[in-house]
Amino acid sequence: MDTHLRRRIRAGDHDAFAALFDAYARSVYNHAYRLTGDWTIAEEIVSLTFLEAWRLRTALDEDGGSPRPWLLGIATNVVRNQRRAARRHAAALSRLPREEPVRDFADEVAGRLDDAAQLALVRAALTGLRRPEREVLALCVWSGLDYAAAAEALGVPVGTVRSRLSRARAKLAKHLEPPRIPGQMRGDRTDAVGPLREGNR
């Protein structure tokens, strides 16, 4: 993104912001889905991310490369806020009188996986990761950001990104190690944490 367009966004130019949305909405959507596992919530995250980006547009540097890390950082914070709100909502509901249970259709909705083959392998394993590890994994492995860009998105040092990603990969590798079957060759398994990237824009 050139400096002129960045300046137009900072100045509140609606056409420039529309170009930003057209260029990066899909990337934000994929990142949000990978953090939440829910298509509907991911769509809401996209809307909230660009609303927040508009509010924070003057924080976008006039000079620089791709604004993608900036947007994914905003999306990550929006997901965190949504989860905190969901926990507060759940806590409030838990204090209400019990009603008859209603069937939960969330798993059926979440069945429409993006990059289905790879994500299906790590879906269960992801629940065992801490939130910071999931965020770094989503940014570096799936969204294809380098360490510096992920650090910018999360507002943490590069070394923190490296250590979180290392821990996440180690945990996933351990979780995904299949049970040994007599006669099976060692190392005969799919690398589910390998590159699955959108590419840097």
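For the structure, check the block above.
Draft legend 1. Representation of the overall build of the protein. For the protein, the helix and strand inventory stands at 9 helices and 0 strands. N-terminal to C-terminal, the α/β element order of the protein is α-α-α-α-α-α-α-α-α. Buried positions account for 38% of the 201 residues belonging to the protein. Long-range contacts, defined as pairs at least 24 residues apart, comprise 70% of the intrachain contacts of the protein with a sequence gap of at least 6. Of the roughly 11,900 Å² of accessible surface on the protein, a fraction of 52% belongs to carbon and sulfur atoms.

Draft legend 2. Layout of helix α2 (residues 14-36). Along its length, α2 shows its largest kink, about 50°, at Tyr24. Looking one or two residues beyond α2, the residue adopting positive phi is Gly37, at roughly 70°.

Draft legend 3. Structural view of the environment of Ser143. Within the element layout of this structure, Ser143 appears in the loop between α7 (131-142) and α8 (147-154). Placed 75 residues apart in sequence, Ser143 and Arg68 show a C-alpha to C-alpha distance of 9.8 Å.

Draft legend 4. Representation of the packing of aromatic side chains in the model. One pass over the full model with this rule turns up 5 aromatic pairs. A centroid spacing of 4.8 Å and a plane angle of 65° characterise the contact between Phe21 and Phe50, whose relative ring orientation is edge-to-face. Of the two residues, Phe21 sits in helix α2 while Phe50 sits in helix α3 (residues 39-55), which places them 29 residues apart along the sequence. Aromatic rings pair up to connect Phe17, Phe21, Phe50 and Trp54 into one cluster. The lysine or arginine in question, Arg57, covers the ring of Trp54, its NZ or CZ lying 4.1 Å from the ring centre.

Draft legend 5. Quick look at the layout of surface pockets. The space that makes up the second largest pocket amounts to roughly 200 Å³. Lining the second largest pocket are 14 residues, with Glu52, Leu56, Ile74, Asn77 and Val78 sitting closest to its centre. Every element with two or more residues in the lining of the second largest pocket is listed here: α3, α4 (68-94) and α8. The greatest single-element share of the lining of the second largest pocket, amounting to 8 residues, is contributed by α4. Residues of the lining of the second largest pocket, tallied by class, amount to 8 nonpolar, 4 polar and 2 charged.

Draft legend 6. Inspection of α7 at higher detail. Spanning 12 residues, α7 covers 16 Å between terminal C-alpha atoms, matching the ideal 16 Å at 1.5 Å per step. Of the residues making up α7, those classed as buried are Pro132, Glu133, Glu135, Val136, Leu137, Ala138, Leu139, Cys140, Val141 and Trp142. Positive phi appears at Gly144, one or two residues downstream of α7, with a value of about 80°.

Draft legend 7. Structural detail: the packing of α2 against α7. The geometry of α2 relative to α7 is characterised by a closest axis approach of 10 Å and an angle of 140° between their N-to-C directions. Judged by the inter-axis angle, α2 sits oblique to α7. Note on packing geometry: the crossing formed by α2 with α7 is right-handed. Contact residues: α2 offers His31, Arg34 and Leu35, while α7 offers Arg134, Glu135, Ala138, Leu139 and Trp142. For the contact of α2 with α7, a count of residues per class yields 4 nonpolar, 1 polar and 3 charged.

Definitions and limits used
Residues numbered from 1 in each chain as written. Predicted model: local features only at pLDDT ≥ 70, side-chain atom pairs only at ≥ 80, totals over all residues. Heavy atoms only, no water. Helix = DSSP H or I, 4+ residues; strand = E, 2+ residues; numbered from the N terminus. Buried < 20%, exposed > 50% of the residue type's maximum accessible area, 1.4 Å probe, protein only. Contact = heavy atoms within 4.5 Å. Areas by Shrake-Rupley, 256 points an atom, 1.4 Å probe, with all protein chains shown as cover. Bend = angle between axes of the 7 residues up to and from the residue. Phe/Tyr/Trp six-rings, centres within 6.5 Å; stacked < 30°, edge-to-face > 60°. Lys NZ or Arg CZ within 6 Å of the ring centre and 35° of its normal. 1 Å grid on protein atoms, 1.4 Å probe; cavity = no way out; pocket = protein on both sides within 12 Å on 5 of 7 lines; lining within 4 Å. Points joined across faces, edges and corners; volume = space filled by probe spheres on them. Nonpolar A, V, L, I, M, F, W, Y, C, P; charged D, E, K, R; others polar. Expected span 1.5 Å × (residues − 1). Axes fitted to C-alpha atoms, helices over the stretch in contact; angles between N-to-C directions. Parallel < 35°, antiparallel > 145°, perpendicular 65-115°, else oblique. Left-handed = near helix turned anticlockwise from the far one by under 90°.

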